[in-house]
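Chain by chain, the residues run as shown.
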Amino acid sequence: MAVPSGAGHRRVLDFDTSVLVESSTARAISPSDAGSRSSFSSVRENDDGLAQTFTRSKVSSYIEAPEDVFDESPISEIPQLSFQAPLTQPHSRLHGFWFPSDSYKGWKEIPINGKAASRSSEDLRKLCMTWESPPVSPLPMEKPTGVHGIGNSPLEKLPSEVLGEIIDLLVEEIPPNGLTTRNTDLMALLLTSRSIHATTLTTLYRHITIPHSRIFRKFLNTITEYPALATIVRRLDFSHFNPSMLFSTASERAKTQNLTTETLAQCLELTPYLQEFLAQEYVDIDLGPPVLRKLFFHMPKLQALDFCGCSSTGFKNSFNTILQETWPEMLSISKLSFHKCLGLPSAVFEKVLPRLGNLTHLDVAGTRITNKALESIPATAKLTHLNLAKCKELSAEVVIKFVTTHPATKDSLVFLSLATDPTHHLLLGKEDLDQLLPCLPKTLKSLSLRGSRMHESHLPELIRLTNSLEELAVGRGLDMSDIHKLFYQDQQWLAHNLRYLDISDIDSIIGSASTLLAPASAPLHVIEIEERAYEKAAKVNKNLQRVGWVAKEFGSRYWLVRMNSDGTTRDNGARWWKMGAESWGMRKVPVAMAEVGGMYGSFMFGRRI
């Protein structure tokens, strides 16, 4: 059993005894701690109420041995005997009986007037002058009112779906930093009743997070011994996986044989109802042909696949192996991410995408997807999230046609990223934007055109889009006077719906008197800027705070964030289309409804496009 882990933590559930344990293996350090060396960085959103706030924990690659695992299970403690001071002299040690001598044989053996028999023990007991606590007289039992029979309480009679939603509220997906007790409430619920026990097991086993290979081995051993528990598993999450937590080298990890292609394939064989499989670059060497074959060919319930950052040669070779095999006509997958899978050949996308008739989320940022592969997406798909950032083999003509006319996108897109790095590749020129902007779907909430070549003539269409968009990233070619016109023209403030504006492609100096920072620019409350503009803003942070803004940074990204008088932001950023994320300007498309953490947090909010 496991639940999503947080930054820099090792979350452990003892699968043999159903005991929750946890140890902290890293200290939380700020992103600016450049003096530290580490092999792994785990990122999570901070829940302090301020947008664009993140924490990062690092685990040193020089850890020679794993830390001890702390057992947090409830135990029956032996009550400690306490000394009770005598009545007459509370501070006196004369009658305090602090510790008996070795020759002491009990109060009955003390000779009094030549007689061994004595009642002084009872006398002292009445005076509360013994080491023992006096017996408590039982209170008369009152018949409780409203007592329900076994299994008949209102809570137990709730439908399992409703009871499950209640128990889910007790789950802490990403734990706080430090060695803290976690999910003890769920452990207590396991001992409450049969019905609550069954529902709690569902909560504990539905989403399995694997922080390191030893936990994977424990989980595999448990579901091998108790196959019924494996049928509960719906998500297998490796986004927090840290290979250096237990082993300093890859060879040491390989010798343990905990997480391998064979053991991972065995795990998938035991979890037939798996719906979400979340991987990342630290496990790509274990995604061999048997694992990929199982995921694509033999798991009809699978809906979400994420291979974020998997770019090793072994991963590429594994895909090349299964490409030669017979594929099913259609795949059940509806959410797919190949985010920054740099090494995959184009043939992978041309083989997979035509078989995704139920596709809703697609992230192929930084990949070698081709025009042929993009156009092969079936018309039955209903894409809401599409990330084509830095796809150098796509042409502007095909992208514009696909986004504006393809049945899978024209009436459903909510998130669209066509961002590029202008120093290496230009996807959308001025004429391309002339065609694209007027035809973008009205359903869009987030649009990134970073790296495109914009012109002042595009402002009317951008203003129109701001009435429905909540996130907008503009390209090059505009200046700050053009940006101001999105909000203020002819001495009047324009109505808009923007919460987040990315102007990091524009050379800008934003001072406390800027139009963008005025109270009337609300609901805008996050502005992403380039590094040099941030450095200048950080120097006058006090002036920004006077007008209700603050400069923030994380990784390679920089923001100005509007604040309330109490230090919180006006909007926490939570939206249904963000799939659990609460910050603005995500680079990676999430494929599972979950809090942001682990390596996914770094890819989503800490890096440039």
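Residues numbered from 1 in each chain as written. Predicted model: local features only at pLDDT ≥ 70, side-chain atom pairs only at ≥ 80, totals over all residues. Heavy atoms only, no water.

The name given to the protein in an unreviewed UniProt entry is Leucine Rich Repeat domain protein, with the source organism recorded as Epichloe festucae.

Interaxial distance between helix 8 (residues 261-270) and helix 9 (residues 289-297) falls to 8 Å at its minimum, and their mutual angle equals 20°. It follows that helix 8 is roughly parallel to helix 9 by the angle criterion. Handedness of the crossing formed by helix 8 with helix 9: left-handed. On helix 9, the residues that touch Thr261, Leu264, Ala265, Leu268 and Glu269 of helix 8 are Pro290, Val291, Lys294 and Leu295. (Axes fitted to C-alpha atoms, helices over the stretch in contact; angles between N-to-C directions. Helix = DSSP H or I, 4+ residues; strand = E, 2+ residues; numbered from the N terminus. Parallel < 35°, antiparallel > 145°, perpendicular 65-115°, else oblique. Left-handed = near helix turned anticlockwise from the far one by under 90°. Contact = heavy atoms within 4.5 Å.)

It is worth spelling out the nonpolar core at this point. Counting 123 residues, the largest nonpolar core has Leu236, Phe277, Phe296, Phe307 and Ile503 as the members making the most contacts within it. It is helix 13 (residues 396-405) that contributes the most residues to this core, 6 residues altogether. Setting aside residues no more than four positions away along its own chain, Phe296 makes contact with Leu305, Phe307, Phe319, Ile322, Trp327, Pro328, Leu331, Ile333 and Val352. Grouped together as the second largest cluster of nonpolar side chains are 20 residues, Ala51, Val561, Trp577 and Trp584 included. (Core = buried A, V, L, I, M, F, W, Y, C linked by side-chain atoms within 4.5 Å. Buried < 20%, exposed > 50% of the residue type's maximum accessible area, 1.4 Å probe, protein only.)

Now for the packing of aromatic side chains. One pass over the full model with this rule turns up 18 aromatic pairs. Measuring from centroid to centroid gives 5.1 Å for Phe54 and Phe605, while their planes differ by 35°, and the two rings are tilted. Separated by 551 residues along the polypeptide, Phe54 in strand 5 (residues 54-59) and Phe605 in helix 19 (residues 598-606) bring together distant segments of the chain. Look at Phe605 and you get buried, because its relative accessible area is 0%. Ring centres of Phe307 and Phe315 lie 5.6 Å apart, and the angle between their planes is 50°; on these two criteria the pair is classed as tilted. Exposure remark for Phe307: the relative accessible area of 0% places this residue in the buried category. Given the relative accessible area of 1%, Phe315 is considered buried. Site record: aromatic cluster; members linked through ring pairs are Phe296, Phe297, Phe307, Phe315, Phe319, Trp327, Phe338 and Phe349. We note Lys588 situated over the ring of Tyr600; from NZ or CZ to the ring centre the distance is 4.2 Å. We note Arg607 situated over the ring of Phe603; from NZ or CZ to the ring centre the distance is 3.7 Å. (Phe/Tyr/Trp six-rings, centres within 6.5 Å; stacked < 30°, edge-to-face > 60°. Lys NZ or Arg CZ within 6 Å of the ring centre and 35° of its normal.)

By the secondary structure assignment, Ile210 is in the loop between strand 6 (207-209) and helix 5 (213-225). On the basis of relative accessibility, which here comes to 0%, the residue Ile210 falls in the buried class. Considering only alpha carbons, one finds Ile210 and Asn242, 32 residues apart in sequence, at a separation of 8.8 Å.

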